[in-house]
Amino acid sequence: MFANFTEFVEMVALWSTLRGWTVLESFGLRYSDAVEFVARGRARPVTGGSLTEWVRFDDAVALKEPFLTGDPARPPRVHVAVADAALLAGSDFVGSLPYPIFSTIGQDFPDLPARWV
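We now turn to the structure provided with this report.

About the thresholds
- Residues numbered from 1 in each chain as written.
- Predicted model: local features only at pLDDT ≥ 70, side-chain atom pairs only at ≥ 80, totals over all residues.
- Heavy atoms only, no water.
- Helix = DSSP H or I, 4+ residues; strand = E, 2+ residues; numbered from the N terminus.
- Expected span 1.5 Å × (residues − 1).
- Buried < 20%, exposed > 50% of the residue type's maximum accessible area, 1.4 Å probe, protein only.
- Arc of directions from axis to C-beta.
- Contact = heavy atoms within 4.5 Å.
- Patch = residues over 30% accessible without salt bridge, like charges linked within 9 Å, V, L, I, M, F, W, Y side chains within 5 Å.
- Areas by Shrake-Rupley, 256 points an atom, 1.4 Å probe, with all protein chains shown as cover.
- Salt bridge = Lys/Arg side-chain N within 4 Å of Asp/Glu carboxyl O.

So, about helix H1 (residues 5–17). The α-helix advances 3.6 residues per turn, and as a result positions three or four apart in sequence lie on the same side. Taking 1.5 Å per residue as the helical rise, H1 with its 13 residues ought to reach 18 Å, and the 19 Å between its terminal C-alpha atoms agrees with that figure. Along H1, the positions that sit buried rather than exposed are Glu7, Met11 and Leu14. The buried residues of H1 occupy an angular sector of 65° when the element is viewed end-on, so they sit on one face. Exposed positions of H1 whose direction lies more than 90 degrees from the buried face are Phe5, Thr6 and Ser16. On its buried face, H1 is in contact with strand S3 (53–56) and strand S4 (60–65).

What follows is the structure in structure tokens.
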């Protein structure tokens, strides 16, 4: 799933900085479309990864990561994460996606040890 240990640590750090953000996931969501959506009107992206790719702006991120199985026939998971859910609400981008799934990063994990939260 990761090219090396450094990429793994990079992704853990990235996801941890997004705690409380709204994340969108959908079947058929293409990484290029996600990047185009989050890049609108924003400047100076930060990018990273090789097997797991991401483009980050101050208030939005597009992420692409393979499934844990590593099956090359299975398309990667693509996520759009935003600091303000209003960026996604009512957008044509979200309206064009089949079965969009929304969640909040860092919620719904009651069994995590307190020191991890």
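Next up on the list: a nonpolar patch on the surface. Where nonpolar side chains cluster on the molecular surface, the patch consists of Phe5, Phe8, Val9 and Val12 and spans about 380 Å² of accessible area. Residue position: Phe8 is located in helix H1.

Once that is clear, we can look at helix H2 (residues 31–39). Three or more residues of H2 are buried, namely Tyr31, Ala34, Phe37 and Val38. One side of H2 holds all its buried residues, which, seen down the axis, span an arc of 125°.

Tracing the sequence through the fold places Glu36 in helix H2. According to the relative accessible area criterion, Glu36 is partly exposed, its value standing at 48%. Taking the C-alpha atoms as reference, Glu36 lies 9.0 Å from Ala62; in sequence the two are 26 residues apart.

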